[in-house]
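What the coordinates show
Now for the letters of each chain:
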Amino acid sequence: MGTHAVAFLLFYILWLSFEVGLFYFLSCVAMVRKRRTDLPGSSDIPESQEASDGRGQRPPYQQQFQQSPYVGRGRGPPRGGYGGGGRSGGRGPPAQQYQVAGGSSRPPPPDLHQATQSAYNPVVEQQAYGGASSSQDPGPVAVGLSDPTNQIQPQQQMLPASSKSMRFPLRPGRGVNGTKCIVKANHFFAELPDKDFHQYDVTITPEVTSRGVNRAVIQQLVNLYRESHLGKRLPAYDGRKSLYTAGPLPFVSKEFRITLVDEDDGQGGVRRERDFKVVIKFAARADLHHLAMFLQGRQADAPQEALQVLDIVLRELPTKRPSYCPVGRSFYSPDLGTRQPLGDGLESWRGFYQSIRPTQMGLSLNIDMSSTAFIEPLPVIDFVAKLLNRDVSARPLSDADRVKIKKALRGIKVEVTHRGNMRRKYRISGLTSQATRELTFRVDERGTMKSVVEYFRETYGFVIQHTQWPCLQVGNTHRPNYLPMEVCKIVQGQRYSKRLNEKQITALLKVTCQRPHEREKDIQDTVEHNSYDKDPYAVEFGIKISPNLAQVEARVLPAPWLKYHDSGREKDCLPLVGQWNMMNKRVVNGGTVSSWTCINFARNIQDIAARNFCRELVQMCITSGMDFNPDPIVPVISAKPDQLEKVLKARYHDAMQRLPPERKELDLLIVLLPDNNGSLYGDLKRICETELGIVSQCCLQKHVFKLNKQYLANVALKINVKVGGRNTVLRDALSLQIPIVSERPTIIFGADVTHPHPGEDSSPSIAAVVASQDWPEVTKYAGLVSAQAHRQELIQDLYKTWQDPVKGTVHGGMIKELLISFRKATGQKPQRIIFYRDGVSEGQFYQVLLYELDAIRKACASLESNYQPTVTFVVVQKRHHTRLFASNHNDRRSVDKSGNILPGTVVDSKICHPTEFDFYLCSHAGIQGTSRPAHYHVLWDENKFTADALQTLTNNLCYTYARCTRSVSIVPPAYYAHLAAFRARFYMEPETSDSGSMSSAAAGRGASGVGARNTRGSGSSGAAVRALPQLRENVKRVMFYC
């Protein structure tokens, strides 16, 4: 008994020690967790949500992550980590190393802090944000609004952290608001194959750049060796380095010898043979299991390689069709519809777009109709005649003609017609400076010269007729080859990738404009024509495509009530089918125009007609509810367009002389322009908005004579917001009933980047950011613009620092300036930020979010160390190929007048992302053609929007667009940003060369309204981007871009 008692006592002591140790360990863990979560701004997202990125591949456990040294709220971290660390510059403790499978060690992934929401104190502080802050004197920063003299440490500049350490918000459930209905979408269910896909690396020697040659080589290999060496597999090839099979090949690596023989030229001569060595080597297996897991919502990352294989397989057959021309994800053919002339030697080809997409219903094949411009396959002489729009034999070519021909023909592939069936192809590199009759070349080593005219007569028996014309120059400049234009014909199937003129754009839009039921039928016909069930590649890989459009559950959100001024007969308005009018209504806040004048640059408009138009326009503004002085400050005058700058400045000076000293500002300039005014409009806007500080309203000559009341009412709406008024507001905004937005001071941003047209290789991209300047109304938007490196999508000037010789490091940028502007206008600082970002493709989601969200954080922290409003970041996409059709086109209750789905139709199921927070919204009524819904994808959401709250907010905002009495297709802040970016293109003064590109001397100008800075980036060839001229302060305050 004694032994048992001692043993029991020892066991009890050991157990008690274990319990105490376990309790102590758990207490320590709890304290650590409490300390971490008690830090302001610490993350409250689930660990599973932090561990994966939701779109790209899940990072391997051996992946190295950059540990953010910042915790808590306040000063922003290096790009990629969100949160703050007070004022700082100091570094945290070294990152702890974790041992992982495989023996490697890695630091933990950075914490992507969702900002915590502090309690809202409705007391309005009287002190404004500080201005540009300096790094000197980093004293304590008081909680509350910063004093302008408070200064903070410079931000440590770092590149964004890897996107692999984050994921986008999960869908917070589906919306339920609105009237339920069924719509059809141009998505076709694709059954996931039950086969193993294998990827093989392909090396072709000698290497060629032509995908066509590569495909010919592999096709020959398959024809010769499919039965004997490829295990009877039918591979799919991407035209470059990868080949895919449904199952393994009977080897790991194998070398083949392939000979390509040129086509018979009909001359009986020896045909050229080319030998190639092809090595096919096993690379990897495409994991369809992970794709199935992703589609079921059980895995965060989409296996892109598996989706890529499916796309390549379904593209293989149309790529092999000789009449099909692949362009991106689309295929065009002269056999898919009637070719329509576009003018100047161009024609439109019909085609279709196809892409495999992961959706909630599983894999989906998105099919849409498409049209684009191709060069007409004409004899070059005929092409030139169409280009110049005249009989080319009537008179010699001028220098301007030569430049136009050279620009149009450079890079085009032609085939010769003077050698019978031997149609050799060449690519045009330029034109000769001499006429054909003057061209000679050396024919032997002794230096014997022969003229081109003589050579063609003696060698081919061909007499050149247009000897006064230049020759086409083909080949390289070191060994030029001259071809007379009349022996060349443009090869069919060359897409025109340069900028179309207005006439061509109009013609192309006319071709592409289809009523919804016509487009739906064409899509259905395309699927039947493609016969995916008989496609040998789809059958080989086990891909089955449904022949029917997807039936999708949708809801039609109700239109919001709009508030107008109480002095009007109609104080409130409920839009019907996305539109309303201004009859019996007055703008909710009328702007004031005390001083104005008018300049007429249209020579066909007499002075009396100009004065009459101004009188009618002023009367319409007064009727609409504006406080408008009926008499101009200086009389209406007429002027010549070539005197634009001189007249503008002289008239501005005259007006300033008449104005009282306490109000030295011209409120509005009305300008009458010719219908075809060239650069006059852009020059006028540049001078008024960046030099003189005048808000202007331009009207075309054709409207001056018509005096249409509807036109005058629309112009009055534009004038009202340009002089600081509001046209209408949401009734729910005034009654503080908008979820999320009405609860706390909220600022809504819109941002967009517009890129130069194809062919403009050195001109900069233009970024624009607008932000609401009123709360709770969220209707007025101030805007800033900035030039940045050529085709740079990330907005460089959201946040920036520069060195001041006195202040040291100064913090600024577009976000900071607009936040300060909001504070001055409302007396409050925003506690929520909603950021609508336009123009971002799916492949750029992570990059844009990491960079721009970090910039927002830094801009906020530069105002106040603990200032971290909660952010919701939403991408707005219009350039996608999803179309929605009414389930029954004959049901008048489910379509608008144009036959499109009703405005307010929202879809967040079936064709949307399997797990992430996105939706399609058709917020506008169709006018002509098929409506394209906007696609909204939430990349970051600290405001915890429900699906209903964000969908309703977005739809309702679409009814507040200032320029018309219709709901618009994308949310207004994004629309305004696009308008502002387009306007800023006029602020540049291009020096156009004969190539159609801007010369390097005119590479652009940088930030307007946010200080000048030089930007370097990809595509800029190292050249600094010059700053745009500054917007004048009084212009920045209003919606000048409307």
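From a predicted model like this one, the values you see are computed outputs, not experimental measurements.

**Here's the deal with the overall build of the protein**
Summing up its helical and strand segments, the protein has 22 helices and 44 strands in all. Considering the protein as a whole, with its 1042 residues, one finds that 53% of them fall into the buried category. Total accessible area computed for the protein in this model is approximately 46,900 Å², and 51% of it derives from carbon and sulfur atoms.

**Some words on the pattern of salt bridges**
What the rule picks out here adds up to 42 salt bridges. Put simply, E645, K649, D683, R686 and E691 are held in one network by salt bridges that share partners.

**Regarding the sheet that holds strand β25 (residues 562–563)**
Spatial ordering of the open sheet is given by β26-β25-β33, a layout of three strands whose pairing is antiparallel. A strand with exactly one partner marks an edge of an open sheet, and here the two such strands are β26 (572–573) and β33 (729–730). Bridge count for β25 against β26 is two bridges, and the pairing is antiparallel. Paired with L562 across the bridge in β26 is C573.

**Observations regarding helix α6 (residues 380–388)**
Restricting attention to buried positions, one finds in α6 the residues V380, I381, F383, V384, L387 and L388. Projected down its long axis, α6 carries its buried residues within an arc of 160°, all on one side.

**Looking at the pairing of strand β14 (residues 346–359)**
With 14 of 14 residues buried, β14 lies mostly within the body of the structure. Residue alternation in β14 divides its side chains into two sets, L346, S348, R350, F352, Q354, I356 and P358 and E347, W349, G351, Y353, S355, R357 and T359, and both sets are buried. As judged from the three bridges shared by strand β13 (residues 340–343) and β14, these two strands associate in the antiparallel manner. Of the residues in β14, the one forming a bridge with P341 is E347. Hairpin connection of β13 to β14: two residues between the antiparallel strands, including D344 at a positive phi of 60°. The loop that links β14 with its antiparallel partner strand β15 (residues 362–375) comprises two residues.

**Let's talk about the sheet that holds strand β4 (residues 179–185)**
Taking strand neighbours across the sheet as the criterion, the eleven strands line up as β36-β35-β34-β39-β40-β44-β43-β42-β24-β4-β41 in an open arrangement whose pairing is mixed. Of all the strands in the sheet, just β36 (781–788) and β41 (884–886) have a single pairing partner and so form its edges. Neighbour-to-neighbour, the strand axes of the sheet open up by a mean angle of 30°, direction not taken into account. Where strand β40 (residues 870–877) lies against strand β44 (residues 934–941), six bridges are found, and the strand directions are antiparallel. Paired with F873 across the bridge in β44 is W940. On the sheet, helix α21 (residues 972–984) packs against β34 (746–754), β35 (765–772), β36, β39 (832–838) and β40 and is oriented at approximately 45° with respect to β34.

**Re the packing of helix α13 (residues 644–658) against helix α14 (residues 680–692)**
With their axes 10 Å apart at the nearest point, α13 and α14 run at an angle of 35° to one another. Where α13 crosses over α14, the two elements pack in a sense that is right-handed. Contacts between α13 and α14 pair L644, E645, L648, K649 and Y652 from the former with L680, D683, L684, I687, C688, E691 and L692 from the latter. Residue composition of the contact of α13 with α14, by class: eight nonpolar, no polar and four charged.

**Observations concerning the side chain of H187**
When you line up the elements, H187 lands in strand β5 (residues 187–191). Residue H187 is classed as buried on the basis of its relative accessible area of 0%. When residues no more than four places from it in sequence are discounted, the contact partners of H187 are R357, T359, M361, S364, L365, N366, N548, L549, A550, T882 and I911.

**Details of unusual backbone geometry**
Outside of glycine, negative phi angles account for most residues, and trans bonds account for most peptide bonds. Between T205 and P206 the backbone carries a cis peptide bond, its omega angle lying at 0°. Looking at the element boundaries, P206 is found in the loop between β6 (197–205) and α3 (211–225). Backbone geometry at V778 places phi at a positive 40°, although glycine is not the residue there. Its relative accessible area of 1% is what places V778 among the buried residues.

**Side note on the environment of V647**
Locating V647 in the fold gives a position in helix α13. The class of V647 is buried, set by a relative accessible area of 16%. Residues V647 and I599 lie 48 residues apart in sequence; the distance between their C-alpha atoms is 8.6 Å. Not counting residues up to four positions away in its chain, the partners in contact with V647 are I599, F601, I637 and A639.

**A look at the packing of α6 against helix α7 (residues 399–409)**
Viewed as axis vectors pointing N to C, α6 and α7 meet at an angle of 120°, and their least axial separation amounts to 11 Å. In terms of orientation, α6 lies oblique with respect to α7. Note on packing geometry: the crossing formed by α6 with α7 is right-handed. When α6 is examined against α7, the residues V380, F383, V384, L387 and L388 are found in contact with a partner set consisting of D401, K404, I405, A408 and L409. A breakdown of the residues in the contact of α6 with α7 according to their chemical character gives eight nonpolar, no polar and two charged.

**Side note on α7**
All buried positions along α7 are accounted for by D401, I405, A408 and L409. Projected onto a plane normal to the axis of α7, the buried residues spread over an arc of 85° and lie on a single side. In α7, the exposed residues that point more than 90 degrees away from the buried face are D399 and A400. For α7, the elements touching its buried residues are α6, β17 (425–435) and β20 (470–474).

**Side note on the nonpolar core**
F749, Y836, F873, Y936, Y976 and Y1041 are the most contacted members of the largest nonpolar core, which totals 105 residues. Broken down by element, this core gets its largest block of residues, twelve residues, from helix α19 (residues 845–863). Contact partners of F873, with chain neighbours within four places excluded, come to F835, R837, V848, L849, E852, I856, H937, V938, L939 and W940. Of all hydrophobic cores here, the second largest spans 54 residues; its members include I204, V278, Y537 and I545.

**So, the packing of aromatic side chains**
Within the structure shown, the criterion is met by 28 aromatic pairs. Both rings, one in F1040 and one in Y1041, keep their centres 5.2 Å apart while their planes meet at 75°; by these two values the pair is edge-to-face. Using a relative accessible area of 2% as the deciding quantity, one classes Y1041 as buried. Chaining the aromatic ring pairs together yields one cluster made of Y781, Y961, Y975, Y976, F1040 and Y1041.

**Quick look at the pairing of β44**
Within β44, eight of the eight residues are buried, which leaves it mostly tucked inside the rest of the structure. For strand β43 (residues 918–922) and β44, the ladder comprises four bridges, and the chain directions are antiparallel. What sits directly across from Y920, in β44, is H935.

**Brief notes about the confidence of the model for the protein**
Here the protein averages 83 in pLDDT, while 80% of its residues score no lower than 70. Low pLDDT, under 50, characterises residues 22–128; the predicted model gives this stretch 273 contacts beyond four residues in sequence or across chains. Here residues 990–1022 is modelled with pLDDT under 50, and outside its nearest four sequence neighbours on either side it reaches 108 contacts, counting other chains as well.

**What about the side chain of H937?**
Looking at the secondary structure, you find H937 in strand β44. At 2.8 Å, the side chain of H937 forms a polar contact with the side chain of E916.

**Considerations on the environment of L409**
When you line up the elements, L409 lands in helix α7. In sequence terms L409 and R427 are 18 residues apart; their C-alpha atoms lie 9.3 Å from each other. If we ignore the near neighbours within four places in the chain, the residues touching L409 are V380, F383, V384, I428 and L472.

**Side note on the state of the cysteines**
Throughout the structure, instances matching the rule amount to zero disulfides. Distance from the sulfur of C614, which forms no disulfide, to the nearest cysteine sulfur (C598) is 3.5 Å. Residue classification places C614 among the buried residues on the basis of a relative accessible area of 2%.

About the criteria used
Residues numbered from 1 in each chain as written. Predicted model: local features only at pLDDT ≥ 70, side-chain atom pairs only at ≥ 80, totals over all residues. Heavy atoms only, no water. Helix = DSSP H or I, 4+ residues; strand = E, 2+ residues; numbered from the N terminus. Buried < 20%, exposed > 50% of the residue type's maximum accessible area, 1.4 Å probe, protein only. Areas by Shrake-Rupley, 256 points an atom, 1.4 Å probe, with all protein chains shown as cover. Salt bridge = Lys/Arg side-chain N within 4 Å of Asp/Glu carboxyl O. Pairing = 2+ DSSP bridges. Arc of directions from axis to C-beta. Axes fitted to C-alpha atoms, helices over the stretch in contact; angles between N-to-C directions. Contact = heavy atoms within 4.5 Å. Left-handed = near helix turned anticlockwise from the far one by under 90°. Nonpolar A, V, L, I, M, F, W, Y, C, P; charged D, E, K, R; others polar. Parallel < 35°, antiparallel > 145°, perpendicular 65-115°, else oblique. Core = buried A, V, L, I, M, F, W, Y, C linked by side-chain atoms within 4.5 Å. Phe/Tyr/Trp six-rings, centres within 6.5 Å; stacked < 30°, edge-to-face > 60°. pLDDT = per-residue confidence, 0-100. Polar contact = N/O pair within 3.5 Å; in protein donor to acceptor, adjacent residues only side chain to side chain. Disulfide = S-S within 2.5 Å.

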